[in-house]
Amino acid sequence: MTDHITLKELIRANIRQGGIFIAFVAIVILFAALNPAFLSPINLTNIVLQYSYILILAIGMLFVIVLGQIDLSVGSIVAVTGALSAVLVVKMGYPWWMGVIAALLLGIAIGAFQGFWVAYMGIPGFIVTLAGMLLFRGLTFNVLSNVSVSPFPKEYFNIANGFLNGLLGGPGFDVFTLVIFAIAVVGFTFQQWRQRMASIEYNQAVEALWIFIVKIVAVAVVVMLFAFQLASARGLPIVLILLALLILIYGTISQSTVFGRNVYAIGGNKSAARLSGINVRGVSFWVYVNMGFLAAIAGVVYSARMNGAQPSAGNMFELDAIAACFIGGASTTGGVGRIAGAMIGGLIMAVMSNGMQLMGASTSTQQIVKGAVLLLAVAFDVYNKRRAGSLA
């Protein structure tokens, strides 16, 4: 007979992820109470458009952090890939899609370059990517000749600013947006049910059925309310579709593939992973290649959002991506972290920035609050580890 996990046990087992989600909800409620415009359709749409590239970076950064490494160069990679795309498309007149492909290839090449030094030369990722941060920022200035390049053609601009609207009509709102989100909710429910049935089949403990149902209903309500707000504004942002695909793909990679399990194994104990036959160098190399690829995607999205490339593009993006991962539950020592957690951490950063901007808070105040939240999140992680160690 399968044991059922009580609500108290479920909360205790997922205290970090559950706590972050509760904090996220509390922050949303706080800003909604302080400013009714915070939850308006237009503002929620702007949050998606303005912070999508940080969430894309957070996906790749999570793999790097789980591996037990760090990448300080992603902001500069965003800048140089966007700069290359702008020069090819705007200055040289190539088709917009060639600019996208060139940016992605450059990002992969940069990831391979840094991965080589980390994986095969044994230089710590902190040092390699610190050098990369300076190197690729300098290349950005050279590529752009120290000036901004704009504007992009409409097709490129729409990557980060376009919407799918009116495909199915709707009385004052976009039905297509609601249908897409409803399909996502059904898919999430099906995946959670399969996971539950598999656990029961192997006689593993699962939460009580009523807890499972409440969880699914709560997620469905929140998602569909968000979908309705988007549908009431301009419809489904194209960049949100891109982000959803990346979350789905990398969530599967991290949890259901050999490569993903190897990343967690190396981050948990590199020596044990090597003794078990895992190609530590190869996995480390491809994690950095992947980071370069996702940073290039973020570079394309950001340059499309800004409708041009600037020498200062991507400044401090690496810190936002790292903060998103740590706030979302990733461990500072590696081996622990989830895509969903990184996304919630990134949304916390986005919601705080947007909410404080609506309140008229200064840039200095925003930085102080972000720094305090990051410090508290890591302190909470350290406290949990010490508590778990004392209990053991």
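Criteria and thresholds
For every chain, the first residue of the written sequence is number 1, and numbering continues from 1 onward in sequence order. A pLDDT threshold of at least 70 governs which residues receive local features in this predicted model, and a stricter bar of 80 or more applies before side-chain atom pairs are shown or counted, although totals over entire chains, interfaces and linings include all residues. Each side-chain value is worked out from all heavy atoms of the structure, with water and hydrogens disregarded. A helix here means a DSSP run of H or I that spans at least four residues, while a strand means a run of E at least two residues long, and both kinds are numbered starting from the N terminus. Radius of gyration here is computed from C-alpha atoms only, and the compact-globule reference equals 2.2 Å multiplied by the residue count raised to the power 0.38. To sort residues, take the accessible area from a 1.4 Å probe on protein chains only and compare it with the maximum for the residue type: under 20% means buried, over 50% means exposed, and anything in between is partly exposed. In this analysis, two residues are considered to be in contact whenever any of their non-hydrogen atoms come within 4.5 Å of each other. Residue burial considers only the protein chains on display, and all accessible areas are found by Shrake-Rupley using a 1.4 Å probe. Neither His nor the chain ends is counted toward charge; the positive residues are Lys and Arg and the negative residues Asp and Glu. Charged side chains are reduced to one point each, which is NZ for Lys, CZ for Arg, CG for Asp and CD for Glu. Residues belong to one nonpolar core when they are buried, are Ala, Val, Leu, Ile, Met, Phe, Trp, Tyr or Cys, and are joined through side-chain atoms within 4.5 Å. By definition, no residue in a patch forms a salt bridge, and every one has over 30% relative accessible area; like charges are joined within 9 Å, nonpolar side chains (Val, Leu, Ile, Met, Phe, Trp, Tyr) within 5 Å. Salt bridges are counted wherever a side-chain nitrogen of Lys or Arg sits within 4 Å of a carboxyl oxygen of Asp or Glu. Two rings from Phe, Tyr or Trp (for Trp, the six-membered ring) form a pair when their centres sit within 6.5 Å of each other. Planes less than 30 degrees apart are called stacked, planes more than 60 degrees apart edge-to-face, and all others tilted. By definition, being over a ring means that NZ of Lys or CZ of Arg is both within 6 Å of the ring centre and within 35 degrees of the ring normal. In this analysis, axes come from line fits to C-alpha atoms, helices being fitted only over the stretch in contact, and the angle between any two N-to-C directions falls in the range 0 to 180 degrees. Here the word oblique covers every angle except those under 35 degrees (roughly parallel), over 145 (roughly antiparallel) and from 65 to 115 (roughly perpendicular). A residue's pLDDT is the confidence the predictor assigns to it, expressed on a 0 to 100 scale. Only Asp, Glu, Lys and Arg are considered charged, only Ala, Val, Leu, Ile, Met, Phe, Trp, Tyr, Cys and Pro nonpolar, and every remaining residue, Gly among them, polar. Helix span is expected to be 1.5 Å times the residue number reduced by one.

(A) Examining the overall build of the protein chain more closely. Within the protein chain, the regular secondary structure consists of 16 helices and four strands. Taken over the C-alpha trace, the protein chain has a radius of gyration of 21 Å; the compact-globule value for 392 residues is 21 Å, and the two agree within 12%. Projected onto the principal axes, the alpha-carbon positions of the protein chain cover approximately 70 × 60 × 40 Å. Burial status across the protein chain gives 46% buried among its 392 residues. In the protein chain, 80% of the contacts between residues at least 6 apart in sequence involve partners at least 24 apart. A total accessible area of about 18,700 Å² is found for the protein chain, and carbon and sulfur atoms account for 70% of it. Mean positive and mean negative side-chain charge positions of the protein chain (20 and 10 charges, respectively) differ by 6 Å.

(B) Quick look at unusual backbone geometry. Along the chain, serine 150 connects to proline 151 via a cis peptide bond; the corresponding omega equals -5°. Here proline 151 is to be found in the loop between helix H6 (125-144) and helix H7 (154-161). One non-glycine residue with positive phi stands out, namely asparagine 146, at about 65°. In this fold, asparagine 146 is placed in the loop between H6 and H7. One non-glycine residue, asparagine 307, lies in the positive phi region at around 60°. With respect to the helices and strands, asparagine 307 occurs in the loop between helix H13 (280-306) and helix H14 (317-327).

(C) Spatial organisation of H14. The buried fraction of H14 is high, at nine of 11 residues. Turning to H14, its buried residues are Phe317, Glu318, Ala321, Ile322, Ala323, Ala324, Cys325, Phe326 and Ile327. Of the residues flanking the end of H14, it is glycine 329, one or two places downstream, whose phi is positive at about 110°.

(D) Looking closely at the nonpolar core. By size, the foremost hydrophobic cluster in this structure holds 81 residues, and its most contacted members are Leu57 and Met61. Looking at this core element by element, the count peaks at 15 residues for helix H3 (residues 41-66). Discounting chain neighbours no more than four positions away, the residues touching methionine 61 are Asp71, Val74, Met291, Glu318, Ala321, Ile322 and Cys325. One finds Val28, Tyr51, Met356 and Ala377 within the second-largest nonpolar core, a separate group that totals 19 residues.

(E) Spotlight on a nonpolar patch on the surface. Together, Met92, Tyr94, Trp96, Trp97, Met98, Ile101, Leu105 and Ile108 make up an exposed nonpolar region whose accessible area comes to about 750 Å². For isoleucine 101, a relative accessible area of 42% translates into the label partly exposed.

(F) Up close: the packing of aromatic side chains. Per the stated rule, a full pass over the model turns up 14 aromatic pairs. Measuring from centroid to centroid gives 3.9 Å for phenylalanine 152 and tyrosine 156, while their planes differ by 10°, and the two rings are stacked. On the numbers, 5.1 Å between centres and 90° between planes, the contact of tyrosine 302 with phenylalanine 317 is edge-to-face. With tyrosine 302 in helix H13 and phenylalanine 317 in helix H14, this pair connects stretches of sequence that are 15 residues apart. Comparing tyrosine 302 with phenylalanine 317, the two get one shared label, buried. When the ring centre of phenylalanine 212 is taken as reference, the NZ or CZ atom of arginine 196 above it lies at 5.3 Å.

(G) Summary view of the packing of H3 against H13. Taken N-terminus to C-terminus, the directions of H3 and H13 make an angle of 175°; their axes are 9 Å apart at the nearest point. Looking at the two axes, H3 sits roughly antiparallel to H13. Here H3 contributes Leu49, Gln50, Ser52, Tyr53, Ile56, Leu57, Ile59, Gly60, Met61, Phe63 and Val64 to the contact with H13, which in turn contributes Val287, Tyr288, Asn290, Met291, Leu294, Ala295, Ile297, Ala298, Val301, Tyr302 and Arg305.

(H) Layout of the confidence of the model for the protein chain. When pLDDT is averaged across the protein chain, the result is 87; 92% of the residues are at 70 or more. Mean pLDDT in the protein chain bottoms out at helix H1 (residues 7-13), which sits at 55, and peaks at helix H5 (residues 96-120), which reaches 96.

(I) Representation of the packing of helix H10 (residues 238-256) against H13. The contact between H10 and H13 brings their axes to 12 Å, and the two run at 170°. On the basis of their axis angle, the class for H10 and H13 is roughly antiparallel. The segment H10 lies against H13, with Val239, Leu242, Leu246 and Tyr250 engaging Asn290, Phe293, Leu294, Ile297 and Val301. By residue class, the composition of the contact of H10 with H13 is eight nonpolar, one polar and no charged.

(J) Broad picture of H13. Between its first and last C-alpha atoms H13 spans 39 Å; for 27 residues at 1.5 Å apiece the expected length is 39 Å, and the two agree. Asparagine 307 lies just past H13 and shows a positive phi near 60°.

(K) How the structure looks around the side chain of asparagine 354. With respect to the helices and strands, asparagine 354 occurs in helix H15 (residues 339-358). Beyond its immediate sequence surroundings of up to four residues, asparagine 354 is in contact with Phe38, Asn43, Ile47, Gln50 and Tyr51.

(L) Spatial organisation of the environment of alanine 112. Assignment of secondary structure puts alanine 112 in helix H5. Sequence spacing of alanine 112 and valine 147 is 35 residues, and the spatial spacing of their C-alpha atoms is 28 Å. Apart from residues lying up to four places away in sequence, alanine 112 is in contact with Phe285 and Val289.

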